[in-house]
Amino acid sequence: MASLEGKVALITGSGKGMGRTHAELMARRGARIVVHDLDRPAAEEAAEALRALGGDPVLAISDISDAAATAEAIRAAEAEAGPIDILVNNAGIAGGDNPMEKIDEAAYDRMFDIHVKGAFFATKAVLPGMKARGGGKIVNIASVEGMGAVGDRAHYCGAKGALMALTKCWALEFAPWKICVNCVAPGWVLTPMVFALTTEESRKAHAEKEIPLGRYADPEEVSALVAFLCSAEADFITGQTVSPNGGQVIVGI
Ligand SMILES: NC(=O)c1ccc[n+]([C@@H]2O[C@H](COP(=O)([O-])OP(=O)(O)OC[C@H]3O[C@@H](n4cnc5c(N)ncnc54)[C@H](O)[C@@H]3O)[C@@H](O)[C@H]2O)c1
C-alpha cells in the first residue's frame, strides 16, 4: 500500500463526492488533510468524518475561482498544518446538457474559472513551497469528456482538455524540483454530481450500452489511483493522464 505518512494533502472540492473519498483514503494512508471547499457545512462534515478516522484535518474555505481568496485560505491552512506536499485539483461543476446555443458568456466563464483558473492559481499558491522543499505531487482531475468528444457540453470538455495540457506543461516545467504532475480523467463515477443528473434506470441503460465493464465507478476506485499517484511509488510518473473509465474510452499510444 502506498504510504502517505507525514504528508500534507490539499484536495480542492473535498467536502463532497470524489474529493471527499480522496481525502478519506489519503488520511487512512497517513496524510494530514486540508479539506478545501466552497460549501462550509459540507467541508465541516467531511472534516468530522476524517476525525472519526483518527485524522487531524484543517479547513480551507474559498470559491476556487477566486484566486486571491484561495491563496489566502491555502496560506492560513499551511500555517496550521505545515507546507502542502500534495495538491489535488478536484473542485468542479457538471457540464449538463448544453448545446452551444445554451452556453452564454457567464456559463462559459464559470466553467473555465472553476476548472482551469481554479487549478492554475491553486497550483501557483503551493508551488513556491514545493520548489523550496524540492518535491511535491500535483494531480489534476479532468474527465473522459476532455479526451473524446461530447455533443452537448463543449465548455466542460474544453476546460477538462485544458487541464490535460496544463498537466504536461507543469510536469516539464517543475521536473527540476522533483515535482510530479499527473492527470486523472475518470469516466462516470457515482457521486452527488452524477446522482443529480441521472436516475438508476438511465445509469443502467447508459452503462450497458457504452461502458464495456457495464457499470459506473465507485468514487473509491478513483481515489485509489489518485492516492497512488501522490505516493513515492509513483516517483517516476509525471506528465501522464490516466483514465479509470471501465473501458469507455480505449486509446492507443
Ligand atoms: N462524477 C463523475 O462522473 C466525474 C467524471 C469525470 C470527472 N469528474 C470530475 O471530478 C471532480 C469531482 O466531481 P464529483 O463528481 O465528485 O462532484 P461533486 O459535485 O459530487 O463534488 C464537487 C465538490 O466540489 C465543490 N465545488 C464546486 N464548485 C466549487 C468552487 N467554485 N470552489 C470550491 N469548491 C467547489 C463542491 O462544493 C463539492 O463539494 C470534478 O472536477 C468533476 O468534473 C467527475
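Reference entry: report on the structure contained in this document. Remember, it's a predicted structure, so these values are computed and weren't measured experimentally.

Digging into the overall build of the protein chain
Broken down by element type, the protein chain carries 8 helices and 7 strands. Over its C-alpha trace the protein chain gives a radius of gyration of 17 Å, about what one expects of a compact globule, namely 18 Å for 253 residues. Each of the 253 residues in the protein chain was classed as buried or not, and the buried ones make up 46%.

Describing the sheet that holds strand β3 (residues 58-61)
As summarised here, the arrangement of the 7 strands in space is β3-β2-β1-β4-β5-β6-β7, forming an open sheet in which the pairing is parallel. Two strands bound the open sheet, and with one partner strand each, they are β3 and β7 (241-242). In this sheet, strand β4 (residues 86-89) lies alongside strand β1 (residues 8-11) in parallel orientation, the contact comprising 3 bridges. By the bridge assignment, I11 is partnered in β4 with V88. Sheet contacts for helix α3 (residues 67-81): β1, β2 (32-37) and β3; angle to β3, the most-contacted strand, approximately 170°. Relative to β4, helix α4 (residues 105-133) is tilted by about 175°, and along the sheet it contacts β1, β4, β5 (136-141) and β6 (179-184).

Focus: α3
At 3.6 residues per turn, the α-helix brings residues three or four places apart onto the same side. Helix length check: α3, at 15 residues, gives a terminal C-alpha distance of 21 Å against a target of 21 Å (1.5 Å per residue), a fit within 8%. For α3, the complete set of buried residues consists of T70, A73, I74 and A77. Buried residues of α3 fall within an arc of 100° about the axis and therefore sit on the same side. For α3, the exposed residues set more than 90 degrees away from the buried face come down to A68, R75 and A79. Contacts from the buried residues of α3 go to β1, β2, β3 and α4. With its phi angle positive at about 100°, G82 sits one or two positions after the end of α3.

Focus: the nonpolar core
The biggest cluster of nonpolar side chains holds 66 residues, and the ones touching the most others in it are A9, L10, M26, I33, V34, I74 and C230. Per-element tally for this core: the top contributor is α4, with 8 residues. If sequence neighbours within four positions are ignored, L10 has contacts with V34, H36, A60, I74, A77, I84, I86, L87 and V126.

Conventions and cut-offs
Residues numbered from 1 in each chain as written. Predicted model: local features only at pLDDT ≥ 70, side-chain atom pairs only at ≥ 80, totals over all residues. Helix = DSSP H or I, 4+ residues; strand = E, 2+ residues; numbered from the N terminus. Rg over C-alpha atoms; globule rule 2.2 N^0.38 Å. Buried ≥ 20, exposed ≤ 12 C-beta atoms within 10 Å, placed from the backbone. Pairing = 2+ DSSP bridges. Contact = placed C-beta atoms within 7 Å. Axes fitted to C-alpha atoms, helices over the stretch in contact; angles between N-to-C directions. Expected span 1.5 Å × (residues − 1). Arc of directions from axis to C-beta. Core = buried A, V, L, I, M, F, W, Y, C linked by C-beta atoms within 7 Å.

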